[in-house]
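Take a look at the letters that make up each chain.
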Amino acid sequence: MHQYSSIPLPPAQRRKTPLPITQVYEVCKGVVSCADIVAFAARDSIEITGGLGYDVPAGRRDGRTSLASEIIGNLPPPTFNVNQLTQMFANKGFTQEEMVTLSGGHTIGRSHCSSFSDRLYNFSGTSMQDPSLDPRYAAMLKQQCPQGSTNPNRVVPMTSSSSITDASYYVDILANRGLFTSDQTLLTSPATANQVAQNARNPMEWKAKFAAAMVKMGHLDVLTGTVGEIRANCRVINS
């Protein structure tokens, strides 16, 4: 984990309606990196949707390479079980409790059908439905994601309140409505199942833990000093 400077954030970063990225470029070109902008955007999206705000240290620099192959081993797929999730997060310096806490980020957003369709039609290669899925929830998912559909634009909400940062993710898991295998698997371990139940009962406590875990995650693999660059255009490296 790298150490980097904590630069005071301008008032615009704390606004309920953040500055558009184009304005950030104009005001902070050559100073604020795309990596920092992504970190600020994550914080703002959480706060705007009802989560707790938190201070984001700045001073990251952007990398000069981006390889899809680096995702493997660094980002958990939706098929992971609780032991695999625990180990992957441990490899990054996170506890099992922090893994459960960060999994709650699935409280907002949507998912493509391809990320969970095996649970509906071919669970573990059995041509059957995942028995851990709530039957009514599974029926609704099948309506939204018909078997054999190749439409890449089909998406479903991650939770029952997918535009709000709240504890609905954990409430849904307790009702066997976790969308991914990697969500529902949190009930298969007594320790993680207990954490799911606690987060469902104490949403404000979870929000505080989530904010702290996001700050910690923001320290992972940070480029500083003369390593990397500050991109003039986030889509491409500097020429």
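Residues numbered from 1 in each chain as written. Predicted model: local features only at pLDDT ≥ 70, side-chain atom pairs only at ≥ 80, totals over all residues. Heavy atoms only, no water.

Identification of the protein chain as peroxidase from Durio zibethinus is taken from an unreviewed UniProt entry. Its UniProt record, at the heading Sequence similarities (unreviewed entry), says of the protein chain: "Belongs to the peroxidase family. Ascorbate peroxidase subfamily." Recorded in UniProt under Function (unreviewed entry), the annotation for the protein chain is "Removal of H(2)O(2), oxidation of toxic reductants, biosynthesis and degradation of lignin, suberization, auxin catabolism, response to environmental stresses such as wounding, pathogen attack and oxidative stress. These functions might be dependent on each isozyme/isoform in each plant tissue." (UniProt positions renumbered as here; feature names shortened; annotations may be inferred.)

J.: I'd like a description of the overall build of the protein chain, backed by residues and values.
T.: Looking only at helices and strands, the protein chain features 10 helices and 2 strands. Traced from its N-terminal end to its C-terminal end, the protein chain shows the element sequence α-α-α-α-β-α-α-β-α-α-α-α. Out of the 239 residues belonging to the protein chain, those deemed buried represent 37%. Pairs at least 24 residues apart make up 70% of the contacts formed inside the protein chain by residues separated by at least 6 positions. Surface summary for the protein chain: the accessible area is close to 13100 Å², and the carbon and sulfur share equals 57%. (Helix = DSSP H or I, 4+ residues; strand = E, 2+ residues; numbered from the N terminus. Buried < 20%, exposed > 50% of the residue type's maximum accessible area, 1.4 Å probe, protein only. Contact = heavy atoms within 4.5 Å. Areas by Shrake-Rupley, 256 points an atom, 1.4 Å probe, with all protein chains shown as cover.)

J.: Outline the UniProt feature "binding site: Ca(2+)" (unreviewed entry) in the protein chain, supporting the account with residue identities and numerical values.
T.: With numbering matched to this structure, UniProt assigns "binding site: Ca(2+)" (unreviewed entry) to Thr107 and Asp166. For the residues just named, distributed over 60 residues, the greatest C-alpha separation is only 6.5 Å, placing them together at one site. Here Asp166 is to be found in the loop between strand 2 (155–157) and helix 7 (168–174). Non-local contacts of Asp166, meaning those with residues more than four positions away in its chain, are made with Thr107, Ser161, Trp206 and Lys207.

J.: Explain helix 3 (residues 82–91) residue by residue, including any values.
T.: Of the positions making up helix 3, those classed as buried are Val82, Leu85, Met88 and Phe89. On an axial view of helix 3, the arc spanned by its buried residues comes to 130 degrees, and they lie on one face. When the buried face of helix 3 is taken as reference, the exposed residues oriented beyond 90 degrees from it are Asn83 and Asn91. In this fold, the buried residues of helix 3 make contact with helix 4 (96–103), helix 8 (181–184) and helix 9 (190–201). (Arc of directions from axis to C-beta.)

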